[in-house]
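Close look at the chain arrangement
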Amino acid sequence: CRENWHKRRVANRQVPDCFMSAVPSNKPYLIRALHQWCVDHGFTPYIAVFVTEGVQVPMDYVKDNEIVLNISPDACQQLSLDNEWISLKARFAGVPRDIHVPMTHVMAIYAKENGQGMSFPVEKTTPPEPTADKNTPISKGRPSLKLVK
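What comes next is a walk through the structure. Here the residue numbers are simple positions, counted from 1 along each chain's written sequence. At least 70 in pLDDT is required for a residue's local features to be given in this predicted model, at least 80 for side-chain atom pairs to be given and counted, and no such filter applies to totals for whole chains, interfaces and linings, which use all residues. Derived side-chain values reflect all non-hydrogen atoms in the structure, with water molecules and hydrogen atoms excluded from consideration.

Another point: the sheet that holds strand E5 (residues 76-81). Whether two strands pair depends on DSSP finding at least two bridges between them. In DSSP terms, a helix is any run of H or I states spanning at least four residues, a strand is any run of E spanning at least two, and both are numbered starting from the N terminus. Read from one edge of the open sheet, 3 strands run E5-E6-E7, paired in antiparallel fashion. Where the open sheet ends on each side, the last strands, each with one partner, are E5 and strand E7 (95-102). Across the sheet, the axes of successive neighbouring strands diverge by a mean angle of 15°, strand direction being ignored. One ladder, built from 4 bridges, connects E5 with strand E6 (residues 85-92); its direction is antiparallel. Bridge assignment links Ser80 to a residue of E6, and that residue is Ser87. Axis definition: a line fitted to C-alpha atoms, over the contacting stretch in the case of helices. Angles run 0 to 180 degrees between N-to-C directions.

To describe a pair of aromatic rings, one takes the distance between the centres and the angle between the planes. Side-chain rings of Phe, Tyr and Trp, where Trp is taken by its six-membered ring, are said to pair if the distance between their centres is within 6.5 Å; with planes under 30 degrees apart they count as stacked, over 60 as edge-to-face, and otherwise as tilted. A complete count under the given rule lists 3 aromatic pairs for this structure. Each ring, one from Tyr61 and one from Phe92, has its centre 5.2 Å from the other, and the planes form 45°; the classification is tilted. Of the two residues, Tyr61 sits in the loop between strand E3 (45-50) and strand E4 (66-70) while Phe92 sits in strand E6, which places them 31 residues apart along the sequence. For a Lys NZ or an Arg CZ to count as sitting over a ring, it must be within 6 Å of the ring centre and within 35 degrees of the ring normal. One cation-aromatic arrangement involves Arg32 over Tyr29; the distance from NZ or CZ to the ring centre is 4.7 Å.

Attention now goes to the pairing of E7. Direction of pairing for E6 relative to E7: antiparallel, over a ladder of 8 bridges. From the neighbouring strand, Phe92 faces E7, where its bridge partner is Val95. Connecting the antiparallel pair E6 and E7 is a turn made up of 2 residues, with Ala93 showing a positive phi of about 55°.

The next thing to look at is the nonpolar core. Residue types Ala, Val, Leu, Ile, Met, Phe, Trp, Tyr and Cys, when buried and joined through side-chain atoms within 4.5 Å, form a set referred to as a nonpolar core. Three labels apply to residues, based on accessible area from a 1.4 Å probe with only protein chains included: buried if under 20% of the type maximum, exposed if over 50%, partly exposed otherwise in between. Ranked by internal contacts, the top residues of the largest apolar core, which has 23 residues, are Leu69, Ile86 and Val101. If one sorts the elements of this core by residue count, E6 sits on top with 4 residues. Here a residue-residue contact requires only that any non-hydrogen atoms of the pair lie within 4.5 Å. For Val101, the residues in contact, after removing those within four places along its chain, are Val49, Val55, Val57, Leu69, Glu84, Trp85, Ile86 and Val106.

Here we take up the sheet that holds strand E9 (residues 117-119). Strand pairing within a sheet occurs via backbone hydrogen bonds; the two strands may be parallel or antiparallel. Ordered by their spatial adjacency, 4 strands build an open sheet running E4-E3-E8-E9, and the pairing between neighbours is antiparallel. Two strands close off the open sheet at either side, each with one partner strand: E4 and E9. With strand direction ignored, the average angle separating the axes of adjacent strands in the sheet is 15°. Bridge count between E3 and strand E8 (residues 106-111): 5 bridges; the pairing is antiparallel. Bridging across to E8, Pro45 finds its partner in Ala111. Of the strands in this sheet, E3, E8 and E9 touch helix H2 (residues 27-40), which is tilted by about 20° from E8.

Okay, structure coming up:
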């Protein structure tokens, strides 16, 4: 990085280009944090998604290339929020569906009850297909206890 000290102005400071290009997106981290905040406080986390060919959602519910998904533990199963994809299983009109959304297509995450959350710019690139080993479920629904004697 020191060899290529091309300077760029960021917030009135000079920052080398090598630092700017090496920084990964913070969007997946913010989405995971806001999802956890909603769940911890009893709110219902919703995500607004920009729908294109790379998005797997029930197209009957898409309006103006957008869909809003309830990603609360009560509404979906096998939720996975990794750095490139959001994957889950949910029912639409009683029909189970596999949902796959590129992180780049998430426009916002917010609490249904009060609208608090965050919006994001939509990037129109398609990331690589999700792989089974990267999609570790975050939540398997409600926790349960078993009486052991």
